[in-house]
Amino acid sequence: MPSFGRRGAFWSAALVLALALWSSGAPSVLYPDYAERWSLPAVVMTSVFAAYPFALLVMLLIAGGIADIVGRRRAMLTGVALIALGAVLFAVAPHVGFLFAGRVLQGVGVGFAMSAASASLVEHSVFRSPRAASAATTVSTSGGLTLALLCGGALAQFAPLPLVTTYVVLFVFAVAAFALVALTPDDRPSASPRWRPSLPRLSPGAGLAVLAAVLGVVVAYSVGAVFLSLGAQMARQLTETDDLFVIGLILGLSSTAIGVTALLIGRVPSRIAALAGGAVSLAGLGAMVVTSATGSLAWFVVWCIVGGIGYSLAFAGGVGLAAAAAAPEHRAGPFSLVYLVAYLLQTIVAVGVGALATSLGLATAVDVIAPLLGLLAVTLVIVSAMAVAPRPQSLNERTV
């Protein structure tokens, strides 16, 4: 059976990351339709969104470093299969319970796949710059999110069975990703230790760098939680249209900004990217507050673009710092730690903002959540300014 080499393994991992974010964002454009069809309040829809990061959080907590034991390839294959099953549940959903079940399956699947794919991108990087892998990670995830928003909006507006077709396409994409990952070399460790829960192993002196890495991804994902769970509702109100393609195009500005920014910052040091990400995310939160206060579509577009740039800088900086802080033979562990904390905060933010929007209104929810996320962004700036990414050491170097 033919198999890929280093280049094939790199691009297959990038495809898995894109799939992970596509599955995360696939229902975003459709949330208003689900709410209207089943008469659901905002807190229920944001809870559906939050079921994904919650399941992923539990998965990372139980088996965060499992890819270091079974190999990146096996972890990605398991994750992609579960993502595909989640898409099937969404496609056949007769009521909101199926949406919760589908999101849980997707979360568990991404829990298997994401840390493994992130580590595989670093280990099989086809670029000379060590920071290019973190930029490639950001481009992959933003590409998947763009596909979710643009394709989801177009399919929901123009294709038959709008609440089914987008998940059929996602399922086909997952099957293709599974086939490509299956062609990559088996990378199981030569010694197969028995799996047991353990804390990630970090390089000496890596604590501050890991904290900056966690904060970078936390800021990106928490702001993203507000955008993905309530963005379609805000866009629908501001544009006064039910055209899901138009809404998808507007929301897609953010993920496009994420991808373009990632392409431009490949040579920017991770610490600087994380620091800039905190500052730009703070500006994006300001634009979000102005949007809510004025009801201005122009300010909403500004929020999409500035928020996307901030997300890209914070996420790429965080991923780069996590990669630098990890010993090569335990690289999936630190990525799991970073994603673990990020998804915990994303779950809290999504459910919290949904509850506030339901009880107090969308504008009040934004006014409450923006200062809290702003505090996280300021903390990211301070910690990133202090952090110095350590040179990762191998197990042999540490025992000499």
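Note that the structure is predicted; figures quoted are calculated from it, not measured.

## Quick look at the overall build of the chain
Moving on, step 1. Counting its secondary structure elements, the chain contains 15 helices and 0 strands.
Moving on, step 2. Within the chain, contacts between residues at least 6 apart in sequence are counted, and of these 87% link residues at least 24 apart.
Moving on, step 3. For the chain, the exposed surface amounts to about 15300 Å²; the carbon and sulfur share of it is 70%.

## Comments concerning helix H12 (residues 297-324)
Moving on, step 1. Taking 1.5 Å of rise per residue, 28 residues should cover 40 Å, and H12 covers 40 Å from first to last C-alpha, within 8% of that figure.
Moving on, step 2. Most of H12 is tucked away: 20 of the 28 residues are buried.
Moving on, step 3. The opening residue of H12 is Ser296, an N-cap whose side-chain oxygen sits 3.3 Å from the backbone nitrogen of Ala298.

## Some remarks on the packing of aromatic side chains
Moving on, step 1. The final tally for this structure, using the stated rule, is 10 aromatic pairs.
Moving on, step 2. Centre to centre, the rings of Tyr221 and Phe315 are 5.8 Å apart; their planes meet at 10°, and the pair counts as stacked. Here Tyr221, found in helix H9 (residues 207-239), pairs with Phe315, found in helix H12; they are 94 residues apart in sequence, far enough to count as distant. Residues Tyr221 and Phe315 agree in their burial class; the two are buried.
Moving on, step 3. Both rings, one in Tyr311 and one in Phe315, keep their centres 5.9 Å apart while their planes meet at 20°; by these two values the pair is stacked. Separated by 4 residues within a single helix, Tyr311 and Phe315 lie in helix H12, roughly one turn from each other. Neither residue differs from the other here; Tyr311 and Phe315 are each classed as buried.
Moving on, step 4. Following the ring pairs from residue to residue traces out a cluster consisting of Tyr221, Tyr311 and Phe315.

## Things to note about unusual backbone geometry
Moving on, step 1. Unusually for a residue other than glycine, Ser39 sits at a positive phi of about 55°.
Moving on, step 2. Following the sequence through the fold, Ser39 ends up in the loop between helix H2 (31-38) and helix H3 (42-63).
Moving on, step 3. Looking at Ser39, the relative accessible area reads 65%, which means it is exposed.

## Details of the packing of helix H5 (residues 72-91) against helix H6 (residues 96-123)
Moving on, step 1. Relative to each other, H5 and H6 sit at 155°, their axes nearing to 7 Å. Taken together, the axes of H5 and H6 lie roughly antiparallel to each other. As for the relative orientation of H5 and H6, their crossing is left-handed in sense.
Moving on, step 2. Class assignment for the residues of the contact of H5 with H6 results in 19 nonpolar, 7 polar and 3 charged.

## With respect to the packing of helix H11 (residues 270-294) against helix H14 (residues 362-386)
Moving on, step 1. The contact between H11 and H14 brings their axes to 8 Å, and the two run at 165°. The angle between H11 and H14 places the two elements in the roughly antiparallel class. Like other packed secondary-structure pairs, H11 and H14 cross with a definite hand, here left-handed.

## Describing the confidence of the model for the chain
Moving on, step 1. In this model, the chain carries a mean pLDDT of 79, and residues with pLDDT of at least 70 account for 84%.
Moving on, step 2. For the chain, helix H15 (residues 395-399) is the element with the lowest average pLDDT, namely 32, and H5 is the one with the highest, namely 92.
Moving on, step 3. Long-range and interchain partners of residues 389-400, a stretch whose pLDDT sits below 50, account for 27 contacts in this model, where long-range means more than four residues apart.

## Let's talk about the environment of Leu337
Moving on, step 1. You can see Leu337 is positioned in helix H13 (residues 332-360).
Moving on, step 2. Take Leu337: its relative accessible area is 25%, and that puts it in the partly exposed class.
Moving on, step 3. A C-alpha to C-alpha distance of 9.0 Å links Leu337 and Val210, two positions 127 residues apart in sequence.

## Notes on the nonpolar core
Moving on, step 1. Core analysis: the largest hydrophobic core is formed by 109 residues, its most contacted members being Tyr34, Tyr221, Tyr339 and Tyr343.
Moving on, step 2. If you tally residues by element for this core, the top one is H9, at 19 residues.
Moving on, step 3. Residue contacts for Tyr339: discarding those within four places in its chain leaves Leu60, Met114, Ser115, Ser118, Val217, Tyr221, Phe315 and Val319.

Parameters at a glance
- Residues numbered from 1 in each chain as written.
- Predicted model: local features only at pLDDT ≥ 70, side-chain atom pairs only at ≥ 80, totals over all residues.
- Heavy atoms only, no water.
- Helix = DSSP H or I, 4+ residues; strand = E, 2+ residues; numbered from the N terminus.
- Contact = heavy atoms within 4.5 Å.
- Areas by Shrake-Rupley, 256 points an atom, 1.4 Å probe, with all protein chains shown as cover.
- Expected span 1.5 Å × (residues − 1).
- Buried < 20%, exposed > 50% of the residue type's maximum accessible area, 1.4 Å probe, protein only.
- Polar contact = N/O pair within 3.5 Å; in protein donor to acceptor, adjacent residues only side chain to side chain.
- Phe/Tyr/Trp six-rings, centres within 6.5 Å; stacked < 30°, edge-to-face > 60°.
- Axes fitted to C-alpha atoms, helices over the stretch in contact; angles between N-to-C directions.
- Parallel < 35°, antiparallel > 145°, perpendicular 65-115°, else oblique.
- Left-handed = near helix turned anticlockwise from the far one by under 90°.
- Nonpolar A, V, L, I, M, F, W, Y, C, P; charged D, E, K, R; others polar.
- pLDDT = per-residue confidence, 0-100.
- Core = buried A, V, L, I, M, F, W, Y, C linked by side-chain atoms within 4.5 Å.

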